[in-house]
Structures are given as C-alpha cells and as structure tokens.
Amino acid sequence: MVETIKLTTETIDIDEFSADYDSYLDNALKRSAEFADKEIECALRQESKLKNKTKNTINAGTVLSAELPLKYSFFTIKSFKKGDDVTITSASTIPHIIDVEIYGNPPTGVIMKNSDVTEREGNNVESGIGVYPPITTDPIHTAKVHIFCSATTPEEGQGLGWYFPAEKITRNNFKALGKVKITQDGFYLIRLRATDDMYEAIADISIGTEEFYDDVPVSVSEYYCNMLSNGKSYTVTASSNYYYGDAMLFVRGADADRLVGFNDDTSEPDKKQFGLGPLDACLSRKYLIETSCIDITNYSSIDPDKT
C-alpha cells in the first residue's frame with residue numbers, strides 16, 4: 001500500500017524513506033527473542049488488566065488519559081465485494097491476533113473518509129484515492145495517501161469486525177488462520193496486533209493466495225478501560241508531534257478481543273473542539289456493548305516509532 005507521495009523538482013535520496021523502517025524491523029527481530037516462553041506471564045498480565053479495567057470506567061463527565069508509545073504494526077486496506085471468501089494466515093514467534101474491520105463504504109458522490117476530506121485538487125474522486133494535505137507548489141511536497149470512502153455507521157463499525165487469535169504450534173511458533181465471508185461491499189482494514197504491549201516482533205502474513213508479506217512488524221500500544229454501553233463516549237488521540245504524529249485509534253470490546261470502533265484522521269469540528277493536530281483521531285459514539293480497551297497504531301511505516 002502506498003503511504004506517502006513526495007513531489008519535487010529537486011534531487012532527493014530515495015534510501016532515506018526506508019532507513020527508519022529497516023532499523024525498526026531490526027529492533028523488532030532482536031526483541032522477539034527476549035519474549036520466548038513469556039506467554040504464561042503475558043496471560044497473567046492480561047487477566048490482571050481485565051480485572052482492573054473497571055477502575056478506569058468512563059462515565060459522564062469522566063476524563064481519563066494515558067501516554068502510549070506510537071508504534072507501527074502491520075496493516076493494509078483492501079476492497080472486497082459482498083460474497084467474497086477471504087482467507088488470511090499469519091505466523092510469528094509471539095502470540096498475536098489478526099483483526100478484520102470495515103474501513104469504509106465504496107465512494108459515492110462527494111468523497112468523505114470519516115473526516116472533512118472532500119473533493120480537492122490532487123484527489124481522484126472516481127477511484128476514491130487521494131492525498132492529504134492537497135498538493136502545493138512547495139519544492140518538496142509530502143502528502144499522505146488516503147483511501148477516501150463514505151463513512152460507516154456506528155452499527156456497521158461494531159458489527160462488521162472479526163478477530164482471529166494465533167495458536168501455539170511449537171515453541172516460539174504461533175500461527176493464526178482467519179476466514180471471513182464478506183456480507184457488504186466496502187474497504188476493509190486488516191491488521192496484526194500483539195496480544196500484549198510487552199511483545200514486539202516480526203511476522204509473516206498472507207491474504208488470499210496472491211498476497212504475501214514477509215517480516216512485517218507486529219506490536220500493540222494499549223490502555224485498558226471501561227466505556228459503558230449506555231451513553232456516548234469520546235476517545236481522542238493527541239500526538240506530541242503535532243504536525244507529524246499520525247495515530248490510528250481502535251476501541252475493543254468483548255474482553256478486549258473484538259474491534260468495535262476505529263478512526264484515522266478525524267473531522268475539522270472534532271479537531272477544533274479538542275485542540276487536536278491535523279492527523280489526530282477521534283471517536284464519538286454510543287457503544288452497543290461494553291468496551292474493554294483502547295489501542296493505537298502508527299499509520300506511518302516510514303517513521304514507525306513515535307510518542
């Protein structure tokens with residue numbers, strides 16, 4: 001998936017795009033060895049987190065905050081049609097989960113992507129592919145590539161999601177298998193996440209029979225909390241790198257297993273209300289089930305490790 005486009009009339013070093021990612025991969029590979037045989041310890045940590053999440057219950061008027069590292073963990077966005085049978089497999093040295101979640105509906109008319117992004121110079125409305133911010137005449141212009149699509153409803157976001165935990169095959173060998181019958185046309189987000197924030201490693205993942213990604217990072221940055229299902233809750237990210245931090249925000253329910261909410265780059269009204277940066281995320285909705293956890297993933301693999 002294309003992440004960033006650079007438009008320039010000057011000579012630039014292409015290698016600089018991958019240097020940070022290569023270093024991030026090397027560190028993940030080294031750290032994966034540190035977590036051998038740690039699944040019992042992590043299982044106990046998860047149990048403790050679930051027991052303590054009620055201490056972090058968000059009711060009307062309650063404000064909770066947590067500082068989380070903003071790390072890149074593999075994700076991709078794919079377009080599927082109703083009736084498609086999608087098979088996803090993954091393998092890693094650590095326990096992990098495959099998430100599949102509705103990202104957005106096919107483009108219609110004016111293109112919007114869970115945000116205020118509409119038709120702009122540099123955007124291809126027909127395909128739903130565009131760049132943000134709009135193309136300028138700067139000597140070197142960097143733009144984030146977006147798949148623009150019609151926003152999903154809260155019901156779609158909480159109903160069209162699946163998770164597939166990896167099983168231990170042998171020592172330090174965990175594999176996950178996910179099979180999804182697509183019931184609605186749209187874009188779907190597929191991602192890998194570790195089962196605990198102490199884990200960081202690399203993984204292999206295949207989607208269908210034609211797409212295979214080798215040695216991709218897998219991690220998670222999470223905060224266990226309780227948002228009740230009887231009222232509207234707001235969840236926002238505020239990166240310390242105001243113009244460059246780019247968090248994708250996820251809310252999980254069903255004891256922190258299943259995704260029930262997702263946002264990447266919120267609307268202008270939300271940015272103004274909460275004083276957010278241009279690439280921050282915000283979710284405002286009434287959840288149909290009690291939530292258990294919030295986690296974030298860095299959109300950028302070019303600059304994969306931020307706060």
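Note: the structure precedes this text.
This text gives an overview of the structure that appears in the document. Position labels on residues start from 1 in each chain and follow its written sequence. Owing to the predicted nature of the model, reporting of local features is limited to residues with pLDDT of at least 70; listing and counting of side-chain atom pairs is limited to 80 or more, with chain, interface and lining totals taken over all residues. Water and hydrogen atoms were dropped before computing side-chain values, which therefore reflect all heavy atoms in the structure.

**With respect to the pattern of salt bridges**
The term salt bridge refers to a side-chain nitrogen of Lys or Arg lying within 4 Å of a carboxyl oxygen of Asp or Glu. Inspection of every chain in the model, using the stated rule, returns 8 salt bridges. D99 is the partner of R191 in a salt bridge, and the nearest nitrogen-oxygen pair spans 3.0 Å. Highlighted residues: R191 in strand β12 (residues 186-194) and D99 in strand β6 (residues 96-104), separated in sequence by 92 residues. An identical accessibility class is assigned to R191 and D99; each is buried. Between R191 and D295 there is a salt bridge, and its shortest N-O distance comes to 2.9 Å. In this pair, R191 sits in strand β12 while D295 sits in strand β21 (residues 291-298), placing the two residues 104 residues apart along the sequence. Only protein chains enter the accessibility calculation, which uses a 1.4 Å probe; a residue is then buried when its area is under 20% of its type maximum, exposed when over 50%, and partly exposed in between. On the basis of relative accessible area, R191 is assigned to the buried category, the value being 2%. Among the ionic contacts, a cluster of salt bridges with common partners joins D99, R191, R193, E222, R252 and D295. A run of H or I in DSSP becomes a helix once it reaches four residues, and a run of E becomes a strand once it reaches two; helices and strands are each numbered from the N terminus.

**Considerations on the pairing of strand β5 (residues 85-92)**
Judged by which residues are buried, β5 turns out to be one-sided: V86, I88, S90 and S92 face inward and are buried, whereas D85, T87, T89 and A91, on the alternate face, are not. Two strands qualify as a pair provided that DSSP identifies no fewer than 2 bridges between them. With 8 bridges connecting them, β5 and strand β11 (residues 173-181) associate as antiparallel partners. For S92, the partnering residue across the bridge sits in β11 and is F174. Strand direction decides the pairing type here: β5 and strand β13 (residues 201-207), joined by 5 bridges, are antiparallel. Note on β13: the bridge partner recorded for I88 is I207.

**Some details on a nonpolar patch on the surface**
Nonpolar side chains collect at one region of the surface, where Y234, V236 and F274 lie side by side and expose about 250 Å² of accessible area between them. Within the secondary structure, V236 sits in strand β17 (residues 232-236). By relative accessible area, V236 is classed as partly exposed at 36%. Note that patches include only residues with greater than 30% relative accessible area and no salt bridge, and the join distances are 9 Å for like charges and 5 Å for nonpolar side chains (Val, Leu, Ile, Met, Phe, Trp, Tyr). Accessible surface area values rest on a Shrake-Rupley calculation with a 1.4 Å probe, where residue burial reflects the displayed protein chains alone.

**Focus: the sheet that holds β12**
Here we have 4 strands laid out as an open sheet, ordered β4-β12-β6-β9, and antiparallel in their pairing. Either end of the sheet is taken by a strand with one partner, and the two such strands are β4 (75-80) and β9 (161-165). If you compare each strand with its neighbour and ignore which way they point, the axes differ by 20° on average. Where β6 and β12 come together, 8 bridges link them in antiparallel fashion. In the strand pairing of β12, I102 is matched with Y188. All axes are obtained by fitting lines to C-alpha atoms, using only the stretch in contact for helices, and the reported angles, taken between N-to-C directions, cover 0 to 180 degrees.

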